[in-house]
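For reference, the chains in residue letters:
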Amino acid sequence: ANLPLGRDRTTQALIGSDVIWRLGEGTLGIGAFGGKTKTTFRQNLTGFVLDELAGKPPTASDDAEQVNDAWTAGLTVLYRHGVKLTSPRDAFEVGVSARVDSVDQTDTRLLPDGHKQSALVDDTVNATNIGAYADAALYPIKRVVIRGGPRLDSLSFSTKDRLGNAGIERTAQGFHAGAKVTVDVAAGGGVHAVASYGDGFRSPQARELVEGERVPF
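Residues numbered from 1 in each chain as written. Predicted model: local features only at pLDDT ≥ 70, side-chain atom pairs only at ≥ 80, totals over all residues. Heavy atoms only, no water.

Caption draft 1: Inspection of the packing of aromatic side chains at higher detail. Counted according to the given criterion, the structure contains zero aromatic pairs. In this structure, Arg 89 is placed above the aromatic ring of Tyr 139, and the distance from its NZ or CZ to the ring centre is 4.0 Å. (Phe/Tyr/Trp six-rings, centres within 6.5 Å; stacked < 30°, edge-to-face > 60°. Lys NZ or Arg CZ within 6 Å of the ring centre and 35° of its normal.)

Here's what the structure looks like:
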């Protein structure tokens with residue numbers, strides 16, 4: 001079917017700020033951020049081709065509208081302090097962070113006149129991430145810096161499915177412990193040789209989690 005162009009839309013608004021204070025011999029930093037994003041996709045990949053191939057009247061196109069409407073808010077706090085272990089430049093840092101996301105997702109199939117035919121997805125997902133870390137920067141010899149430390153994250157999800165589960169809310173939570181280390185060697189002339197290792201994670205598809213499940217990473 002011939003349909004008008006420009007049916008995909010994205011809007012986004014972000015705001016954030018960081019403030020750093022000298023606190024005695026250390027440094028205290030606080031940052032906050034927030035954002036609102038909405039993305040809408042309209043696509044019709046096959047039109048009525050599948051109907052026609054099956055010898056049926058052209059009534060069931062795959063015209064679809066997908067909407068992802070999300071907002072995010074977060075806060076970070078850190079404290080950095082110098083300490084002489086391998087050199088006077090050594091420093092330690094500890095910090096905590098919190099982030100909350102709320103996402104409304106829909107996937108709707110449409111009739112040729114643009115009206116709703118059926119809904120495949122109609123969910124609200126709320127996710128909360130709370131993390132804490134410790135980090136060290138050591139300068140054991142000239143031109144060499146070693147950075148690294150552990151991090152612990154807690155992720156919890158609540159999902160409300162307004163289709164198959166009639167609005168029943170499912171909750172799940174999990175924890176992840178990881179570490180990172182970086183060795184940076186200044187080779188001279190502005191050239192650095194850097195080797196890094198990090199143990200990270202990818203959060204799961206929240207809509208697939210079941211009630212009380214330990215979140216897999």
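Back to the write-up after that little detour.
Caption draft 2: Representation of the sheet that holds strand S1 (residues 9–23). Across the sheet, eight strands lie side by side as S1-S2-S3-S4-S5-S6-S7-S8; this open sheet has antiparallel pairing. In this open sheet, the two edge strands, each paired with only one partner strand, are S1 and strand S8 (191–198). Across the sheet, the mean angle from the axis of one strand to that of its neighbour is 15°, orientation sign disregarded. Strand direction decides the pairing type here: strand S4 (residues 91–110) and strand S5 (residues 116–138), joined by 20 bridges, are antiparallel. By the bridge assignment for S5, Leu 110 is matched with Lys 116. (Pairing = 2+ DSSP bridges. Helix = DSSP H or I, 4+ residues; strand = E, 2+ residues; numbered from the N terminus. Axes fitted to C-alpha atoms, helices over the stretch in contact; angles between N-to-C directions.)

Caption draft 3: Main features of a nonpolar patch on the surface. A cluster of nonpolar side chains, Val 19, Trp 21, Ile 30, Leu 75, Val 77 and Val 96, forms an exposed patch at the surface whose accessible area comes to about 460 Å². Elements with a contribution of two residues or more to the nonpolar patch: S1 and strand S3 (64–82). By the secondary structure assignment, Ile 30 is in strand S2 (residues 26–43). (Patch = residues over 30% accessible without salt bridge, like charges linked within 9 Å, V, L, I, M, F, W, Y side chains within 5 Å. Areas by Shrake-Rupley, 256 points an atom, 1.4 Å probe, with all protein chains shown as cover. Salt bridge = Lys/Arg side-chain N within 4 Å of Asp/Glu carboxyl O.)

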